[in-house]
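The residues making up each chain are set out below.
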Amino acid sequence: MALGSQSLPSRASVAPLSRVRWRPVVRFAILVLILAVVLYPLIWVVGSSLKSPTEVSSNLSVIPKNVTWANYPDGWFYLNKITFGRFFVNSTIIALATVVANAASCLLAAYAFARLRFRLRRFWFAIMIGTLLLPGHVLIVPQYIMFNYFRWIDTPLPLIVPKLLATEAFFVFLMVQFMRGIPRELDDAAKIDGCSSFGVFRYIILPLSVPALVTTAIFSFIWTWNDFFTQLIYLPSVESYTVPIGLRLFVDSTGQTSLGPMFAMSVLSLLPVFVFFVAFQRLLVEGINTTGLKG
Amino acid sequence: MALTTTPTTAAPPPSAPAGGAPRRRRNEARAREAAAGYIFLSPWLIGLMVITAFPMVFSLYLSFTNYDILSTWDMVEFVGFDNYVRMFTNDPTFRKAVVVTLTFGLVAVPLKLVAALAVALLLNRERRGVGFFRGLFYLPSLLGGSVALALVWQAMFSRSGAFNEFLALFGIQGKPWVNDPDWALETLMVLAIWQFGAPMVIFLAGLKQVPVELYEAAAVDGAGRWRQFWHVTLPMLSPVIFFNLVLETINGFQGFTSAFVISNGTGGPVDSTMLYTLYLYTKGFTEFRMGYASALAWVFLIAIGLVTVVFFSTGRFWVHYSDGDGN
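Residues numbered from 1 in each chain as written. Chains lettered and ligands numbered in written order. Predicted model: local features only at pLDDT ≥ 70, side-chain atom pairs only at ≥ 80, totals over all residues.

A word on unusual backbone geometry
This is how it is decided: Working definition: helices are DSSP H or I runs of at least four residues, strands are E runs of at least two. Numbering for both runs from the N terminus. The burial label depends on the number of other C-beta atoms within 10 Å of a residue's C-beta. Counts of 20 or more mean buried, 12 or fewer mean exposed, and intermediate counts mean partly exposed, with C-beta atoms placed from the backbone.
One non-glycine residue, A:D154, lies in the positive phi region at around 75°. Along the chain, A:D154 turns up in the loop between α7 (140-149) and α8 (157-164). Its 13 C-beta neighbours within 10 Å are what place A:D154 among the partly exposed residues. Not every positive phi belongs to a glycine, and B:N264 is a case in point at roughly 55°.

Quick word on the domain arrangement of chain A
Residues and elements named next belong to chain A. To keep it simple, the criterion reads: What fixes the domain bounds is an automatic or database domain assignment. In this description, any two residues whose backbone-derived C-beta atoms lie within 7 Å of each other are considered to be in contact.
By domain assignment, chain A separates into domain 1 (4-68) and domain 2 (81-292). Each side of the interface is counted separately: domain 1 has seven residues, and domain 2 has six residues. Contributions of two or more residues to the side of domain 1 that touches domain 2 are made by α2 (17-49) and α3 (53-58). Ranked by residue count, the leading element in the side of domain 1 that touches domain 2 is α2, at four residues.

Overview of the domain arrangement of chain B
On domain assignment, one finds that chain B holds domain 1 (2-62) and domain 2 (82-318). Using C-alpha coordinates to define each centre, domain 1 of chain B is positioned 43 Å away from domain 2 of chain B.

Overview of the interface of chain A and chain B
Each side of the interface is counted separately: chain A has 74 residues, and chain B has 82 residues. Counting residues per element, the side of chain A that touches chain B draws most heavily on helix α16 (residues 259-292) of chain A, at 12 residues.

A few points about the environment of A:P236
Residue and element names in this part refer to chain A. Residue placement: P236 occurs in the loop between α13 (229-234) and α14 (243-247). On the neighbour-count criterion, P236 (12 C-beta atoms within 10 Å) is exposed. For the pair formed by P236 and A217, sequence separation is 19 residues and the distance between their alpha carbons is 27 Å. P236 has contacts with I153 and D154, leaving out every residue within four places of it along the chain.

Put into structure tokens, the structure is as follows:
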């Protein structure tokens, strides 16, 4: 923290004493102001979800005058036949399956890349890094035709099966980076004790990779929960809708939006991600750092 | 797989000559490791072939046809470069989509990174509460890509939305921002910039790695805050800036959800929010012109590839690696 003028000899810091005292206060005030602007939309949607229909369009304040919970059941039972509960179940199934599939398949691939020597390893690794930058939208048309041929449209399979095949290169890369930090001496010790490559994986890499697995699991869940593009394409009928697709039902009908129920269901849809954020904040922040920096 | 399975079967004979045994054992271990490598790699390899490589080739083929999902395969005609020619000569919406996407990427991404760096610099000076601020600034990056937030944005920037009521406090007459062709894209940009938390976290970690001695040396040489920032912070941070720039630009060109939700899937008003991916979706999945959509996809892929090449070839001139280690 000894940056700039603070680190100068004391002689220099005597004269602008008042300035040195004020600087942190101003800085803190700016940070609080930015934070208020950043958090405003989130607080606003929570507040709006608790307002009555008349108040939602007239009251600017984020705090409702009269708190009403009616928007929540209204939103939940917005469609006559299908409740939002169905959408939440669909979203949860897809998200949890993706978490397991990503964690397992990417761990296997990462172990091969990080620890095992085989022909063409560098070549495959370069390809893997290449797919990291490959825009997913480029493949969506042929993938759709392929999954349509398999009769997988309107099932969760097009969303889950690719994840079983370690197609999320980001997580492979994250785990490779993580495994490079595990001391090789542990592998060697296990090998001397008679472990094969599978044994090393089972008894050394797997238990020590738990932090990377947790990071992968959390990001997989959040990204799948928020995903819209693929779910929009592969899940056309209302029974198989997920939460993001379901939310659009509030807008679809002739532009007349039922704001209150829409805000209520929006808040519910953000809640799981928010809970993950509160519970795993440190891991999430460290997760983007390990992939982002220590390359 | 085939090239690795053969050596594993070669077990050493029981009475091997004294000198050859260790080497053979080593070779055998190496072959076993190679086989294990391909076994562990096999899910990824299958995925690469079936989910990535085959669709890529398939989509290249489709881009030269008039295929749509409703026609049977014997109705598919090979049309040569027709799709590509039409795109560049006779498709105003394509041109509009390119302009909209470039505008979005070239304006929103730099602003987002400037915001991220500015807040990271402020936060880096803070002694206490860094974790608290960092976490809350990061929150929009987790939530912002969702449909829910796009709906919130649409409501906030509509005619009677919260933003206009805020402007009214200062006597400013607002607009129906999301329905105004001149302002709808700007609304999307604000939503993108609002998610500055993720690059900020990466900047913050980068700032922590800048050696304090460099600042001390600069201060001794009489450099003020501004020159310290310009001659110490920025060069030392350039690998992180480069990383964020590449990542955010490539992501920025692929924005879809917010544009789709705010324009209700149309790219409107008057194609003002027609991001490239949204146009691709419209052609492929609402008009079902999948041959044309595949041609659009390949042009997009080549464009993204060119952008990446430009980044990495110009990066040499301004990215400074203090340890001489790339990436």
